[in-house]
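Observations on the model geometry
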Amino acid sequence: MRALGVFWLAVIGALMLGALALDGMGPPAGGIPPGLTRPAGGTPEPAAPPVAANDNAPLREAAPVALPEQDLSPAGAAPAVAEPEEPAAPAAQALAPTPVVPRSTLAALPSAPEPPPLPSLASRMEAAPDRPIAPPDPALQEPSRYGPLPRLGPEGRTAIRTYGRPFDRSDPRPRVALVVGNLGLSASLSEEAIRRLPPATGLAFSPYASRPDPLLERARLRGMEVLSALPLEPANYPANDPGERALLTTLAPSENGDRLAWVMSRVTGQVGAIGALGPMRGERFAALAESIGGVQDVMRERGLLYIDPRPGSPQPARAWGRSVDIVVDEPATRGEIDRRLAELERLAREKGSALGLAADVSPVLVDRVAAWAAGLEARGLVMAPVTALIRRPEEMPRSP
């Protein structure tokens, strides 16, 4: 215990002697250096160098201000041995300075243009609207027991001109035209075709459509030409059956004429007819010159055109019209439709114009035709309505 007390007395004495020594030393001579004082309100910021009066002077960052070294050793103490300074880093290893841009250059730079507006969902999914075609004109109709039938109007005015889509005939680019058939049997599919196909597409409506008038109105509002699909006796009849109102080689001309009147009464505002009903193209009926000639006579006398759906067949001899050059959907697969549309383009470049037939409207057909037509003008061609490709009949009677 005695030894422990002596130890603590020695410790306390040493502490008291140290305190007296520190008090005797006092603050450094001259007081606290100004560089080590902190003004009220926070750490002092180094003063920025003066900015040149020239606006074009580059903007430079202020160099850091080095504080002077102060001797903090106690008075009377031996000076501390200075640590050797490390060699300065080579200039190549120093950080590259930030590129300097004059203020006037920054002010002269143009502002970024506003981005174009994003297309709406409707514009991406639908073809662009177009000038509508005139509604059915009573002056171009005559009554019948089936409904109004087309006829020549005053001063020889025809349905071809009245309901035809306008087209610049001075356009020198190769022309391609397309007729899509079997419209009207499915309302939803027909509406999709009218909405998405290019407006220059011709639409052939089935006479067996239950309610064609709303679809015909929508087609006219988009500027699309409409035609009647004629149910002519096809090859392999009756295995291939064009329906109860078909024009047959075994019927009398008067009966076929009555059935033709019924068919024409089903589509108002038409520019003419095509001798195909879906994939059936009336080969057996068209093989009889007098039978098909009688149909063409009716078309011509009523101011309508006639499209022969058989590729390679002669041009209509007794009516304004045209024969198709290629059927684009046989078979109706994506790859085959694309290949045949490309072939249609090639024919148009060679001949100046080409007419295609899509016999049966389908979702894949609508999709491929819409995609194909979107880039047609960029490839140097123009899509034309059917009425822009028709030819004068070789055997049309001339006025005396």
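Just so we're clear, the structure is a prediction, and the values are computed from it rather than from any experiment.

So, on to the overall build of the protein. From N to C terminus, the protein includes 11 helices and 11 strands. A buried classification covers 39% of the 400 residues belonging to the protein. For the protein, the share of sequence-separated contacts (at least 6 apart) that also reach a separation of at least 24 residues comes to 71%. Put simply, the protein shows about 23900 Å² of open surface, and 59% of that area lies on carbon and sulfur atoms.

Mean pLDDT for the protein: 80, with 67% of residues reaching 70 or above. In this model, residues 28-98 is a region of pLDDT below 50 whose contacts with residues beyond four sequence positions or in other chains number 19 contacts. In the model, residues 104-129 has pLDDT below 50 throughout and makes 14 contacts with residues more than four positions away in sequence or in other chains.

Turning our eyes to something else, we now look at the packing of helix H10 (residues 334-351) against helix H11 (residues 363-374). Put simply, H10 and H11 touch, their axes get as near as 10 Å, and they point 40° apart. Relative to H11, the element H10 is oriented oblique. The chirality of how H10 crosses H11 is right-handed. Facing H10, whose interface residues are Arg 334, Ile 337, Asp 338, Leu 341, Leu 344 and Glu 345, H11 presents Val 364, Leu 365, Asp 367, Arg 368, Val 369 and Trp 372. The residue makeup of the contact of H10 with H11, split by class, is seven nonpolar, no polar and five charged.

Attention shifts here to the nonpolar core. The nonpolar side chains of a soluble globular protein tend to be buried with one another. Formed by 46 residues in total, the largest nonpolar core has its most connected members in Val 179, Leu 230, Met 299, Tyr 306, Ile 307 and Leu 355. When neighbours within four sequence positions are excluded, Leu 355 is seen to be in contact with Ala 177, Leu 178, Val 179, Ile 307, Arg 322, Ser 323, Val 324, Asp 325, Ile 326, Leu 344, Val 386 and Leu 389. Listed in part, the 35 residues of the second largest apolar core include Leu 216, Ala 348, Leu 376 and Met 383.

Following the sequence through the fold, Arg 259 ends up in helix H7 (residues 253-265). On the basis of relative accessibility, which here comes to 15%, the residue Arg 259 falls in the buried class. Along the backbone, Arg 259 and Arg 245 are 14 residues apart, and their C-alpha atoms lie at a distance of 5.8 Å. Apart from the residues within four sequence positions on either side, Arg 259 is in contact with Glu 244, Arg 245, Ala 246, Leu 247, Leu 248 and Leu 251.

Cut-offs applied
- Numbering of residues starts from 1 in each chain and follows the order in which that chain's sequence is written.
- The predicted origin of the model limits local features to residues at a pLDDT of at least 70 and limits the giving and counting of side-chain atom pairs to 80 or more, whereas totals for whole chains, interfaces and linings rest on all residues.
- Side-chain measures here rest on the full set of heavy atoms in the structure, leaving out hydrogens and waters.
- In DSSP terms, a helix is any run of H or I states spanning at least four residues, a strand is any run of E spanning at least two, and both are numbered starting from the N terminus.
- For every residue, the accessible area obtained with a 1.4 Å probe (protein chains only) is divided by the maximum for its type, and the residue is called buried under 20%, exposed over 50%, and partly exposed between those limits.
- Residue contacts are counted whenever heavy atoms from the two residues lie within 4.5 Å of one another.
- Methods summary: accessible areas were calculated by the Shrake-Rupley approach with a probe of 1.4 Å, and residue burial reflects only the protein chains presented.
- Summary of the metric used: pLDDT quantifies the predictor's per-residue confidence within the range 0 to 100.
- Axis definition: a line fit to C-alpha positions, over the contact stretch in the case of helices; interaxial angles, taken between N-to-C directions, run 0 to 180 degrees.
- Geometric relationships in this document are graded by angle, where less than 35 degrees denotes roughly parallel, more than 145 denotes roughly antiparallel, 65 to 115 denotes roughly perpendicular, and other angles denote oblique.
- Note on convention: near helix rotated counterclockwise from far helix by under a right angle means a left-handed crossing. Clockwise means right-handed.
- Think of it as three bins: nonpolar holds Ala, Val, Leu, Ile, Met, Phe, Trp, Tyr, Cys and Pro, charged holds Asp, Glu, Lys and Arg, and polar takes everything else, Gly as well.
- For the purposes of this section, nonpolar cores are sets of buried Ala, Val, Leu, Ile, Met, Phe, Trp, Tyr and Cys residues that join through side-chain atoms within 4.5 Å.

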